[in-house]
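This is what each chain is made of:
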Amino acid sequence: NLMDTRNIMGNASGTTVVNQSFNIETGVSDTVRAEIMNFMPMIKSQTVAAVEEQKRRGGSFAQAFGG
């Protein structure tokens, strides 16, 4: 949940924002677009997990997030 993420990130009073962009060309079918939209929650979850893991590992990535 969001509070767990904030606590792991060492940023209980604020949030970390990660922007992801998906460029879908005009020739892509509606079926493919729908499949991409269906995968969005999984993509978000995996992104959050990756950021949390890098924060735990420390180093320059963690320092960028105030760790």
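Quick note: structure is the one above.
Residues numbered from 1 in each chain as written. Predicted model: local features only at pLDDT ≥ 70, side-chain atom pairs only at ≥ 80, totals over all residues. Heavy atoms only, no water.

Digging into the overall build of the protein chain
For step 1, the next point in the chain: For the protein chain, the count of helices and strands is three helices and zero strands.
For step 2, the next point in the chain: In the protein chain, the order of α-helices and β-strands from amino to carboxyl end is α-α-α.
For step 3, the next point in the chain: The buried share among the 67 residues of the protein chain stands at 10%.
For step 4, the next point in the chain: Nonlocal contacts in the protein chain, meaning residues at least 24 apart in sequence, comprise 41% of its contacts between residues at least 6 apart. (Helix = DSSP H or I, 4+ residues; strand = E, 2+ residues; numbered from the N terminus. Buried < 20%, exposed > 50% of the residue type's maximum accessible area, 1.4 Å probe, protein only. Contact = heavy atoms within 4.5 Å.)

Points about the pattern of salt bridges
If the charged atoms of two oppositely charged side chains come close together, the side chains can form a pair.
For step 1, the next point in the chain: As enumerated under the stated definition, the model contains two salt bridges in all.
For step 2, the next point in the chain: Among the ionic pairs, Arg 56 bridges to Glu 53, the shortest N-O distance being 3.7 Å. Of the two residues, Arg 56 and Glu 53 both sit in helix α2 (residues 30-57), three residues apart, roughly one turn of that helix.
For step 3, the next point in the chain: We classify Arg 56 as exposed; its relative accessible area is 52%.
For step 4, the next point in the chain: Given a relative accessible area of 31%, Glu 53 falls into the partly exposed group.
For step 5, the next point in the chain: Here Glu 53 makes a salt bridge to Arg 57, at a shortest N to O gap of 2.9 Å. Note that Glu 53 and Arg 57 are positioned in helix α2 at a spacing of four residues, about one turn of the helix.
For step 6, the next point in the chain: On the basis of relative accessible area, Arg 57 is assigned to the exposed category, the value being 60%. (Salt bridge = Lys/Arg side-chain N within 4 Å of Asp/Glu carboxyl O.)

Treat this as a map of the structure, not an account of what it does.
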